[in-house]
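# Overview (structure and organization)
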Amino acid sequence: MTAPRALLAPHACPLDLGGRTALVTGAAGGIGRACALRLAAAGAKVRAVDRDAAGLEELAGQGRGLAGTVEPHVLDLTDLDAAEHAAAGTDVLVNNAGIQLVRPLEEFPPEVFHTVLTVMLEAPFRLIRGALPHMYGQGWGRIVNVSSVHGLRASAYKSAYVAAKHGLEGLSKTAALEGAPHGVTSNCVNPAYVRTPLVEKQLADQAQAHGIPQERVLSEVLLQDSAVKRLIEPEEVAEAVAYLCGPQASFVTGTSLVLDGGWTAH
């Protein structure tokens, strides 16, 4: 279930972010890492935000030699004031950080539900709030919220994640309506299951929740509703983010760019 090589051609979407500052959350791995490297390759000065210091240092090493720079910024997004402060002066904001727990509603720990909503909905609000004054002041900005197919559809046992992603969709649309007169676009990117550590962890959780062996989870649960039977690669999602940051997408705002392999076509 590997992606066709043509889909993974690096930096396929023309993009010049020279002189721009981008902030990417959850940048130490997965989609966030791919987005940080993609935007740095386009010339951006990337603030790579994550609580994983070691992962950020590894990312910074990968970013050396690109047209732009990758600057590690260790931050726990549950510190909402710090998150808002970190977004000041940002031209491109990519809200990507996410956490997941798979449990039935009646067994879902309330404290985890609260943390998921804090990291995946309240923190994006605070980051957008911190970024907008600079974006409005210069008459240009790009907000890309990495949502999910679960921002459009629900799945059992993922109450917090689904609630957060649905909320992020509404937040993104509101930012689009308010930002349009100021040259700021706001959109969601909605992948299905991406080849990331978050998804790999879900295999064990889903196996327990559904009572089936872990090797059956990918085909029978994760990819059941997808017409294209493979995981998405992080670089594919990063390329969608890059498209939304480019001049060719200046009229695209308040919408969701769905990368779900046909999931929502049912």
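Residues numbered from 1 in each chain as written. Predicted model: local features only at pLDDT ≥ 70, side-chain atom pairs only at ≥ 80, totals over all residues. Heavy atoms only, no water.

### Describing the sheet that holds strand β3 (residues 69-74)
Which entries qualify depends on this criterion: Whether two strands pair depends on DSSP finding at least two bridges between them. Starting at the N terminus, helices and strands are each numbered in turn, a helix being any DSSP run of H or I of at least four residues and a strand any DSSP run of E of at least two. To get an axis, a line is fitted to the C-alpha atoms, and for a helix only the part in contact is used. The angle between two axes follows their N-to-C directions and goes from 0 to 180 degrees. A contact between two residues is defined here by any heavy atoms of the two lying within 4.5 Å.
The strand order across the open sheet built from seven strands is β3-β2-β1-β4-β5-β6-β7, with neighbouring strands paired in parallel fashion. The open sheet is flanked by β3 and β7 (256-259), the only strands paired with a single partner. This sheet shows a mean twist of 15° between the axes of neighbouring strands, independent of strand direction. Relative to strand β2 (residues 45-50), strand β1 (residues 21-25) runs parallel, the two sharing five bridges. Within β2, the residue paired with Ala22 across the bridge is Val46. The sheet contacts of helix α1 (residues 30-41) involve β1, β2, β3, β4 (92-95), β5 (141-146) and β6 (184-191), and relative to β1 the element is tilted by about 170°. Across the sheet, helix α4 (residues 110-138) lies against β1, β4, β5 and β6, angled at about 170° from β4, the strand it touches most.

### Quick look at the layout of surface pockets
Defined as follows: Here a cavity denotes grid points, spaced 1 Å and computed from the protein atoms alone, that fit a 1.4 Å probe unable to get out, and a pocket denotes an open set having protein on both sides within 12 Å along at least 5 of 7 lines; residues with an atom within 4 Å of a point are the lining. Grid points are joined across faces, edges and corners, and a volume is the space filled by probe spheres set on the points. Note on residue categories: nonpolar means Ala, Val, Leu, Ile, Met, Phe, Trp, Tyr, Cys or Pro, charged means Asp, Glu, Lys or Arg, and polar means any other residue, Gly included.
Here the largest pocket is characterised by a volume of approximately 780 Å³. Taken together, 36 residues form the lining of the largest pocket, with Asn96, Ala97, Gly98, Ile99 and Leu198 sitting closest to its centre. Of all the elements in the fold, those that place two or more residues in the lining of the largest pocket are α1, α4, α5 (159-179) and α6 (197-210). Of the residues in the lining of the largest pocket, the class split is 17 nonpolar, 14 polar and five charged.

### Comments concerning the packing of aromatic side chains
Note the threshold: Two rings belonging to Phe, Tyr or Trp (six-membered ring only in the last case) form a pair when the distance between their centres is within 6.5 Å. Interplanar angles under 30 degrees mark stacking, angles over 60 mark edge-to-face geometry, and anything in between is tilted. Here, over-ring charges are defined by two tests on the NZ atom of lysine or the CZ atom of arginine: distance to the ring centre within 6 Å, and angle to the ring normal within 35 degrees.
Per the counting criterion, the structure on display carries two aromatic pairs. Taking 6.2 Å as the distance between ring centres and 85° as the angle between the ring planes, the aromatic pair formed by Phe108 and Phe113 counts as edge-to-face. The aromatic ring of Trp140 is capped on one face by Arg20, whose charged end is 3.8 Å from the ring centroid.

### A closer look at the nonpolar core
Defined as follows: As used here, the term nonpolar core means buried Ala, Val, Leu, Ile, Met, Phe, Trp, Tyr and Cys residues forming a set that is joined through side-chain atoms within 4.5 Å. Only protein chains enter the calculation, and the probe is 1.4 Å; a residue is then buried if its accessible area is under 20% of its type maximum, exposed if over 50%, and partly exposed in between.
Within the largest apolar cluster, 49 residues are counted, with the highest numbers of intra-cluster contacts made by Leu17, Leu39, Val46, Leu59, Val92 and Val94. Ignoring sequence-local partners within four residues, the contact set of Leu39 consists of Leu15, Leu17, Ala22, Val24, Ala44, Val46, Val92, Val94 and Cys245. Among the nonpolar cores identified, the runner-up in size contains 30 residues, and Val119, Met120, Ile128 and Tyr161 belong to it.

So far we have only geometry, and geometry alone does not tell us how the molecule works.
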